[in-house]
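Observations on the model geometry
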Amino acid sequence: MSNASLKEQLQAVASQITEKTSHENKPKQKLKPEDKISKPKPKWLDYAQYGVELLRAYFPEGFSAPSEVKPLKKGIKQDLVKRLGMIETIVTEDKACMIKSLTYYVNTSAYHKSVLEGVDRIDLDGNPDGKVSAEEAKYSFDKHQAKLIERQNARSGTKESQSKVN
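In short, a report on the structure. (Residues numbered from 1 in each chain as written. Predicted model: local features only at pLDDT ≥ 70, side-chain atom pairs only at ≥ 80, totals over all residues. Heavy atoms only, no water.)

Assigned secondary structure in the protein consists of seven helices and two strands. Reading the protein from its N end, one meets helices and strands in the order α-α-α-α-α-α-β-β-α. Counting the 166 residues in the protein, one finds 27% classified as buried. A sequence separation of at least 24 residues applies to 67% of the contacts in the protein between residues at least 6 apart. Of the roughly 11700 Å² of accessible surface on the protein, 55% is carried by carbon and sulfur atoms. (Helix = DSSP H or I, 4+ residues; strand = E, 2+ residues; numbered from the N terminus. Buried < 20%, exposed > 50% of the residue type's maximum accessible area, 1.4 Å probe, protein only. Contact = heavy atoms within 4.5 Å. Areas by Shrake-Rupley, 256 points an atom, 1.4 Å probe, with all protein chains shown as cover.)

Okay, structure coming up:
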């Protein structure tokens, strides 16, 4: 499978998902003016999500669906760079995208929820490689809580600024 065809397939799947969700999410009741304001999806997010999909396509045992996320081994980035360097069929831009998207992947809520004390870490092939320590689990939990609080504050700040305008 060529990189161009994989990219085209991923884009086709993404457009189908977008079409489905836009039809399913049509409001049944009239929205208030403040509800209609929505920010467009940032380009960096599309890029990061595309990279994660590439990671899932090339390393399905290491990067599973969001409901099945497992902690990755320490030093996984170096392993990824090394492994991608050996695969000549992937274009350089996609390799760079996968490496950059690794940061996004390990900062998702699903990933933070998976980092629990004593859980096996996995390598690119899904093989166990170390365990999560108590300190690592606490760090991940704290990062996740901070993100939740930040998100709540952003939402309440948006609502407050919208109510001041109205």
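Alright, that's what it looks like, and here's the rest.
Turning next to the packing of aromatic side chains. The tally for this structure, following the rule as stated, stands at three aromatic pairs. Judged by centre distance (6.4 Å) and plane angle (70°), the rings of Trp44 and Tyr104 are edge-to-face. Here Trp44, found in helix α3 (residues 43–58), pairs with Tyr104, found in helix α5 (residues 92–105); they are 60 residues apart in sequence, far enough to count as distant. Taking 5.0 Å as the distance between ring centres and 70° as the angle between the ring planes, the aromatic pair formed by Phe63 and Tyr105 counts as edge-to-face. Placement of Phe63 in the loop between α3 and α4 (76–86) and of Tyr105 in helix α5 is noted, with a sequence separation of 42 residues between them. In this structure an aromatic cluster arises from ring pairing among Phe63, Tyr105 and Tyr111. (Phe/Tyr/Trp six-rings, centres within 6.5 Å; stacked < 30°, edge-to-face > 60°.)

Bringing the environment of Glu136 into the picture now. Turning to its location among the elements, Glu136 is positioned in helix α7 (residues 134–165). Accessibility expressed as a relative area gives 17% for Glu136, which makes it buried. In this structure the C-alpha to C-alpha distance between Glu136 and Glu117, which are 19 residues apart in sequence, comes to 7.5 Å. Aside from chain neighbours lying at most four places away, what touches Glu136 is Lys74, Val115, Arg121 and Lys131. Side chain to side chain, Glu136 and Lys74 meet in a polar contact 2.6 Å long. Looking at Glu136, its side chain comes within polar contact range of the side chain of Arg121, at 3.2 Å. (Polar contact = N/O pair within 3.5 Å; in protein donor to acceptor, adjacent residues only side chain to side chain.)

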